[in-house]
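# Structural features, examined
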Amino acid sequence: MEYGTLDTILNGVSAGLGISLLPRSSVTKAVLRGEITVMSLPDPYCRLEVGFVYARGEHISSALSALVQIITEPEL
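Residues numbered from 1 in each chain as written. Predicted model: local features only at pLDDT ≥ 70, side-chain atom pairs only at ≥ 80, totals over all residues. Heavy atoms only, no water.

Turning our attention to the overall build of the protein chain. On a plain count of helices and strands, the protein chain comes out with three helices and zero strands. Along the protein chain, helices (α) and strands (β) appear in the sequence α-α-α when read from the amino end. Along the three orthogonal principal directions, the C-alpha set of the protein chain runs to about 45 × 30 × 20 Å. At a minimum sequence separation of 6, the contacts of the protein chain that also span at least 24 residues come to 3%. (Helix = DSSP H or I, 4+ residues; strand = E, 2+ residues; numbered from the N terminus. Contact = heavy atoms within 4.5 Å.)

What follows is the structure in structure tokens.
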């Protein structure tokens, strides 16, 4: 199944409809309430590559350009 909101995903998981891959920070409250159980992914599966997709020829705002520059800078 595919759900559109975090609340719907968490409700489906807590109802036993399946599992989901989500950032730990997005499920903290549900875990504390005892609604779901969290299992960590082993290395190297715990890293996620993120990309930006946009239509060719679209205007890229200065805010988006700044964000891309920040996140693509190498870590120190």
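On to the environment of Glu75, then. Along the chain, Glu75 falls in the segment after helix H3 (62-72). Taking C-alpha positions, Glu75 is 33 Å from Asp7, a pair spaced 68 residues apart along the chain.

Read these as geometric descriptors, not functional statements.
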